[in-house]
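The primary structure of each chain is shown beneath.
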Amino acid sequence: MAKAVSTKKSNTIKLKFDTSWSYAPAPESKSAASIKPQYDLFIDGKWTKPQSGKYFSTINPANEEKLSEVAEANAADVDKAVKAARNAYEKVWKKMPAKERAKYIFRISRMMQEKARELAIIESLDGGKPIRESRDFDVPTAANHFFYYAGWADKLEYAFPNRTTEPLGVAGQITPWNFPLLMAAWKIAPALATGNTVVLKPAETTPLTALKLAEIIQESGLPDGVVNILTGAGATGAAIVNHSDVNKIAFTGSTDVGKIIQRAIAGTNKKATLELGGKAANIIFEDAPLDQAVEGVINGIFFNQGHVCCAGSRLYVQESVAKQVIRKLRDRLESLIIGDPLDKNTDIGAINSKQQLDNIHKYIKIGLKEGAEMYESSCRLPSKGFWCKPTLFTNVAQSSRIAQEEIFGPVLSILTFRTDDEVIEKANNTPYGLSAGVWTDKGSKIFNMTKRMRAGVIWANTFNKFDPTSPFGGYKESGYGREGGLHGLLPYLNLVS
Ligand code: NAD
């Protein structure tokens, strides 16, 4: 077994590990995925050149190599897509019997399952996440969302008993780069099931799986214009938000952009769901199964390089077991495998972009300046691409910026507590309220904590578990509205009687 030797230099501790064995590489094959050199916009069921004639590159963050170039949609392209979505809504989709709509959604789900391997490879190439995650989590969960919402399409009268429902019309949907395909599924599936049509814009650094989904949608025979997919950056998103014929905005992304959107739609009839940032507290009590808790914490923050809105980025450990937990975490940190996202052994892949890596480094410097003690894995990082060693901070103050602000990277801030009241106050003391975790042997403590914590999702003795049947969403600056489950239908409907 590996043995940790720590050397202390200022407030940074590097762990040296004597690893006696390692796994042989097991890379997934790039050749199983087909990526075109250039993608146009998917409008009204056809691939359409952008009016500006402009394209931008999307790269593999693990080696900075160009994967493809994608069209940049401007306001005129957005207008064209919204017109196509309106036309499809009025003439076809809202008139179609719900059980027929369901068949299309179900077909999309099945086709995603058939192309799961290819989708997973493209997700890992474009986003930098380990293939194990794309393969075992992102793609199957995305397909499950379509499958789940296909089931609701002709059962809305059971979802809302004694009420009559009506779709809203055209939904403008904007997604972030951390779960590109899954976020597209979270948005498109409930919109279609409730009879709405869609204009979706994926994030500019990870557009490829949404474009692959467009190919699947085209192949599925979904009527033209029901789903339109436009690539571009913030200006394209803003053009969707500001378009006067869009009835609903579904946004997942940063709190800053969420606020801009909220201001832009104030005073209009547009409905909105905003899924924003987070700073989840993971709480370990002294009676918790500690090894299981440590594994949950590792999964909670290092999963997807910490590019997770609900990442357990603040750890509160009860003082009596703090030393033990920190030692276990350091040991486990050291055994994480960082490297090629396409290697099936990889635990931690590449940071999504240079900009995000710079942001993470900025916070690591802030943590050190604030006097926290840093531990980082002794792993070697690849020379090309965007990489960050998994990092822990101890001696973190509650008021510290690394305990308050979203870092969105593989960086964990560890704080301690003595009593339930103290930890509840500390856990609730951030601007966010998206998710949290509680580790304890006592059921009554779990119920006490979950009742008093202000977070949309609270996991008990586990972390980062998702299911299409469960609603997800936040409190405070983590946004409003719910996606997933029965709750995820309502933001796409008017209850008319
Ligand atoms: P971001 O806000 O920078 O971008 C999100 C999307 O918004 C992108 O498609 C971007 O092009 C678009 N956009 C940017 N400016 C816009 C504008 N003015 N108007 C309309 N659209 C605009 O976020 P990001 O960096 O891509 O993603 C990371 C953030 O997303 C984190 O804060 C994370 O917590 C959050 N997130 C939240 C959830 C959730 O469910 N709550 C899930 C995933 C990610």
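A brief look at the structure comes next. No experiment lies behind these values; they were computed from the predicted model shown. (Residues numbered from 1 in each chain as written. Predicted model: local features only at pLDDT ≥ 70, side-chain atom pairs only at ≥ 80, totals over all residues. Heavy atoms only, no water.)

Evaluation of the coordinates by the stated rule reveals 16 aromatic pairs. Aromatic side chains Y148 and Y149 sit 4.9 Å apart centroid to centroid with 75° between the ring planes, which places their arrangement in the edge-to-face category. Seen in terms of ring centroids, F285 and F417 are 5.3 Å apart; in terms of plane orientation they differ by 85°. Their pairing is edge-to-face. Of this pair, F285 sits in the loop between β14 (281-284) and α10 (290-302) while F417 is found in strand β18 (residues 411-417), placing the two residues 132 residues apart along the sequence. On the accessibility criterion, F285 (0% relative accessible area) is buried. Positioned above the aromatic ring of W47 is the side chain of K36, whose terminal nitrogen or guanidinium carbon lies 5.2 Å from the ring centre. (Phe/Tyr/Trp six-rings, centres within 6.5 Å; stacked < 30°, edge-to-face > 60°. Helix = DSSP H or I, 4+ residues; strand = E, 2+ residues; numbered from the N terminus. Buried < 20%, exposed > 50% of the residue type's maximum accessible area, 1.4 Å probe, protein only. Lys NZ or Arg CZ within 6 Å of the ring centre and 35° of its normal.)

In the vicinity of the ligand there are 26 residues, among which T175, E204, S254, L276 and E406 approach most closely. Contact distances for the ligand include 2.9 Å between an oxygen atom and a side-chain N or O atom of K201. One of the side-chain nitrogen or oxygen atoms of E204 is found 2.7 Å away from an oxygen atom of the ligand. When isolated, the ligand has an accessible area of 850 Å², and the protein chains bury 89% of it. Mapping the ligand onto the cavity grids shows that it belongs to the largest pocket. Of all the secondary-structure elements, those providing two or more residues to the shell around the ligand are α8 (234-242) and β12 (248-252). Grouping the constituent residues of the shell around the ligand by class yields 14 nonpolar, eight polar and four charged. Both domains that furnish three or more residues to the shell around the ligand are identified here as domain 1 (30-276 + 478-496) and domain 2 (278-460). (Near = heavy atom within 4 Å. Polar contact = N/O pair within 3.5 Å; in protein donor to acceptor, adjacent residues only side chain to side chain. Areas by Shrake-Rupley, 256 points an atom, 1.4 Å probe, with all protein chains shown as cover. 1 Å grid on protein atoms, 1.4 Å probe; cavity = no way out; pocket = protein on both sides within 12 Å on 5 of 7 lines; lining within 4 Å. Sits in = over half its atoms within 2 Å of the grid points. Nonpolar A, V, L, I, M, F, W, Y, C, P; charged D, E, K, R; others polar. Domains from an automatic or database assignment.)

Applying the stated criterion across every chain, the model contains four cavities of 30 Å³ or more. If you go around the largest cavity, you meet 17 residues; those closest to its centre are R314, A427, S435, R454 and A455. At the level of secondary structure, the elements contributing two or more residues to the lining of the largest cavity comprise α14 (420-428), β19 (432-433) and β20 (435-439). Partitioned by chemical class, the residues of the lining of the largest cavity number eight nonpolar, five polar and four charged. (Points joined across faces, edges and corners; volume = space filled by probe spheres on them.)

This part covers the nonpolar core. Ranked by size, the top nonpolar core spans 104 residues in total, and within it M112, I284 and L329 carry the most contacts. In terms of residues, this core owes the most to one element, helix α6 (residues 180-193), which gives 11 residues. When residues of this core are assigned to domains, at least three map to each of domain 1 (30-276 + 478-496) and domain 2 (278-460). Not counting chain neighbours up to four residues away, the residues in contact with L329 comprise V294, V297, I298, L315, L392, L412 and I414. A281, I360, F393 and M453 belong to the second-largest nonpolar core, a separate cluster that totals 30 residues. (Core = buried A, V, L, I, M, F, W, Y, C linked by side-chain atoms within 4.5 Å. Contact = heavy atoms within 4.5 Å.)

Here we come to the sheet that holds strand β6 (residues 55-60). If you walk across this open sheet you meet the three strands as β3-β7-β6, and the pairing is mixed. The open sheet is flanked by β3 (38-39) and β6, the only strands paired with a single partner. Inspection of the sheet shows β6 paired to strand β7 (residues 65-71) by six bridges, in the antiparallel sense. Each residue of the ladder has a partner; that of N60, found in β7, is E65. In the packing of helix α3 (residues 116-127) onto the sheet, the strands contacted are β6 and β7, and the crossing angle to β6 comes to about 100°. (Pairing = 2+ DSSP bridges. Axes fitted to C-alpha atoms, helices over the stretch in contact; angles between N-to-C directions.)

This part takes up the pattern of salt bridges. Overall, the coordinates contain 28 salt bridges when judged by the stated rule. The partner of D245 in a salt bridge is R86, and the shortest N-O contact between them spans 2.9 Å. Of this pair, D245 sits in the loop between α8 and β12 while R86 sits in helix α1 (residues 75-93); the two residues are 159 residues apart in sequence, bridging distant segments of the chain. When the shortest N-O distance is used, the salt bridge between R332 and E295 registers 2.9 Å. Taken together, the residues R332 in helix α11 (residues 319-335) and E295 in helix α10 connect sequence positions 37 residues apart. Exposure remark for R332: the relative accessible area of 24% places this residue in the partly exposed category. Among the residues examined, E295 registers a relative accessible area of 36% and is labelled partly exposed. (Salt bridge = Lys/Arg side-chain N within 4 Å of Asp/Glu carboxyl O.)

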